[in-house]
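# Structural description and commentary
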Amino acid sequence: MSDNRLAWDQYFAAQALLIANRATCRRAKVGAVLVKDNKVIATGYNGSVSGTEHCLDNGCLMVDGHCVRTIHAEVNAILQGAERGIPQGFTAYVTHFPCLNCSKQLLQVGCKRVVYINEYRIDDYARYLYQEKGCDLVHLPLKEVKQAILDADFI
Ligand SMILES: [Zn+2]
Ligand SMILES: [Zn+2]
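This text gives an overview of the structure that appears in the document. If you're wondering where the values come from, they're calculated on a predicted model, not measured in any experiment.

All right, on to the nonpolar core then. Ranked by size, the top nonpolar core spans 22 residues in total, and within it Leu34, Phe90, Leu106, Cys111, Val114 and Tyr130 carry the most contacts. The set of elements that each furnish at least two residues to this core consists of strand S1 (31-36), strand S2 (39-45), helix H3 (73-82), strand S7 (90-96), helix H4 (100-108), strand S8 (111-118) and helix H5 (124-132). Sequence-distant contacts of Cys111, defined by excluding residues within four places in its chain, comprise Phe90, Ala92, Leu106 and Cys135. Within the second largest apolar cluster, 12 residues are counted, among which are Ala14, Ile19, Tyr93 and Val145.

Next comes the structure, spelled out in structure tokens:
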């Protein structure tokens with residue numbers, strides 16, 4: 001048995017992909033993992049308010065071209081993290097570049113690094129805010145994460 005371990009960024013990005021699988025909206029499956037000192041603080045995927053109907057069962061609830069039923073993955077992760085507290089200077093691993101609202105909220109709770117897999121609808125103002133707040137943006141393409149998983153050893 002060799003000891004081919006995933007690098008930290010690939011390790012947490014792969015977790016974001018796995019978590020996204022639980023998303024309940026057909027339009028996008030998004031996952032987020034908040035990490036500090038290489039430890040997971042909280043995770044989230046996009047889904048409706050707990051106990052209410054899912055897009056998967058009832059179709060999306062569209063307003064102005066957006067599905068408004070779900071809480072975004074990043075916000076769900078922040079809400080989960082809020083139960084125990086979110087340390088300043090954490091890294092957010094996300095399957096999709098965060099939307100403007102999620103970007104603002106990540107920055108407001110002290111995010112200092114965002115590692116994103118999919119360059120999905122990158123908002124110019126969000127990019128400006130990340131720069132203003134000194135939050136690093138790192139693109140880790142899906143191809144690389146998948147290859148890292150294929151090259152890694154399991155069990
Ligand atoms: Zn939906
Ligand atoms: Zn969002």
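That was the structure; now back to the text.
Along S1, 5 of the 6 residues are buried, which leaves the element largely enclosed by surrounding structure. Alignment of S1 against S2, held across 6 bridges, turns out to be antiparallel. Its bridge partner lying in S2, Val33 is registered against Thr43. Following S1, the chain reverses through 2 residues before pairing antiparallel with S2; Asp37 in that reversal takes a positive phi of roughly 50°. In terms of strand pairing, S1 meets S7 through 4 bridges, oriented antiparallel. Opposite Val35, over in S7, you have Thr91 as the bridge partner.

Coordination of the zinc ion (ligand 2) by the protein comes from His72 (ND1), Cys99 (SG) and Cys102 (SG), over a distance range of 2.0 to 2.3 Å. Written as a sequence motif, the donor residues of the zinc ion (ligand 2) are H-x26-C-x2-C. Here Cys102 lies in helix H4 and His72 lies in the loop between strand S6 (70-71) and H3, a separation of 30 residues in the sequence. Among the residues examined, His72 registers a relative accessible area of 33% and is labelled partly exposed.

Thresholds applied
Residues numbered from 1 in each chain as written. Chains lettered and ligands numbered in written order. Predicted model: local features only at pLDDT ≥ 70, side-chain atom pairs only at ≥ 80, totals over all residues. Heavy atoms only, no water. Core = buried A, V, L, I, M, F, W, Y, C linked by side-chain atoms within 4.5 Å. Buried < 20%, exposed > 50% of the residue type's maximum accessible area, 1.4 Å probe, protein only. Helix = DSSP H or I, 4+ residues; strand = E, 2+ residues; numbered from the N terminus. Contact = heavy atoms within 4.5 Å. Pairing = 2+ DSSP bridges. Donors = N, O, S within 2.8 Å, 3.2 Å for Na, K, Ca; no water.

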